[in-house]
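The chain contents come next:
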Amino acid sequence: MSLFWRIFSLNAAVLTVAALVLLFAPVTVSTTARLAEALIILAGTAVTLIANAVMLRVGLAPLQRLTRVMTTVDLLKPGTRLAPRGQGEIAALISAFNAMLDRLEAERAGSAGRALSAQEAERHRIAQELHDEIGQTLTAVLLDLKRVAQAAPEPLRDQLLQVQESTRNSLDEIRRIARRLRPGVLEELGLASALRALAGEFTTAGLAVRRQVGSDLPVLRKEVELVVYRVAQESLTNAARHSAAQHVDLVLASKDGGVQLCVRDDGRGLRGAPEGAGIRGMRERALLIGAGLTVESGTTGGTAVQLQVPTA
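For clarity, every value in this text was computed on a predicted model and none was experimentally measured. (Residues numbered from 1 in each chain as written. Predicted model: local features only at pLDDT ≥ 70, side-chain atom pairs only at ≥ 80, totals over all residues. Heavy atoms only, no water.)

(A) Focus on the nonpolar core. Counting 36 residues, the largest nonpolar core has L195, L261 and L307 as its most contacted members. Broken down by secondary-structure element, the contributors of at least two residues to this core are α6 (191-202), β1 (208-213), α7 (222-241), β2 (247-255), β3 (258-265), α8 (277-288), β4 (292-298) and β5 (301-309). Here the element with the most residues in this core is α7; it accounts for eight residues. Every residue in contact with L307, bar those within four places of it in the chain, is listed here: V227, V228, V231, V259, Q260, L261, A286, A291, G292 and L293. Counting eight residues, the second largest nonpolar core, distinct from the first, contains L138, L142, I174 and A178. (Core = buried A, V, L, I, M, F, W, Y, C linked by side-chain atoms within 4.5 Å. Buried < 20%, exposed > 50% of the residue type's maximum accessible area, 1.4 Å probe, protein only. Helix = DSSP H or I, 4+ residues; strand = E, 2+ residues; numbered from the N terminus. Contact = heavy atoms within 4.5 Å.)

So this is what it looks like as structure tokens:
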């Protein structure tokens, strides 16, 4: 039965019952209605309206459930679906809405995959140019400064040595940026070694990163390893920049045939703040490999990022 006929039938049933009551009930109305007769008519009208409202509420309840889901659905948190309960057009509408979510999630995952692939390719190109072009140029400048400093007089030699040290620090910084853009250790030594190097890179005087990488990790595809590495990198970056944390635990272990990454800090926590571009970027990366990502804050502070990679 279509939605039109369902509503029409509900109203027809209520009006029919009201008409039968008026026809067969021992109630009369004077030419000038008396108080008792007016009260009876008003009471009957109220009962009719209440019955009509209740029946419409029951009939339109699936639409209200659909509205609540539509206002809360997030394509970065897939899987939200509504059971197609109801009859006729309502069940068909819910089924069409679920099918639309399937298409939107698939298209979002595809477009995000293409964008992230292009981003990784651009990172690779920039890192290579930094290493090959600017790195080699600064290396040549260091050699020239060293040669000039050896032939320069003593007062000028000290200044040249300071310039040489500044140039060496700049070269180290460029190499560090290039490693972040393109994790060569991930390609050469694997995920476990890359995470150990990443933890050491973020360990400073004010932040201690404690790492725990399991020894029985399953073999992962290259794209899966890259997603796990980028999520760990973004989580450590957020902890170092925004959380004011002193300790961060980075744990990678095998679980249910897959792997689970957990990055937990003791900082101030999210405090109800909306998810920023970094967290949403991690969610998009997780969708590419069918992984689940949760970001939670404890009641006393701290943030925990968990990436659950299923069995390949």
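From this point, the narrative continues.
(B) Local environment of the side chain of Q164. As for its position among the elements, Q164 is in helix α4 (residues 154-181). Judged by relative accessible area, which is 9%, Q164 ranks as buried. Those residues in contact with Q164, other than ones at most four positions away along the chain, are L142, L145 and K146.

(C) Spatial organisation of the pattern of salt bridges. Tallied over the entire structure, the rule returns eight salt bridges. For R81, the salt bridge goes to D102, with nearest N and O atoms at 2.5 Å. Here R81 is found in the loop between α2 (35-72) and α3 (89-151), whereas its partner D102 is found in helix α3, with 21 residues between them in sequence. A relative accessible area of 30% means that R81 is categorised as partly exposed. The shortest N-O distance in the salt bridge between R125 and E129 comes to 2.9 Å. Of this pair, R125 and E129 are both found in helix α3, four residues apart, which corresponds to roughly one turn of the helix. Looking at R125, the relative accessible area reads 38%, which means it is partly exposed. In this structure E129 comes out as partly exposed when scored by relative accessible area, which is 41%. (Salt bridge = Lys/Arg side-chain N within 4 Å of Asp/Glu carboxyl O.)

(D) Quick look at the pairing of β4. Relative to β5, β4 runs antiparallel, the two sharing seven bridges. Note on β5: the bridge partner recorded for L293 is L307. Between β4 and β5, which pair antiparallel and follow one another directly, the connecting turn spans two residues. (Pairing = 2+ DSSP bridges.)

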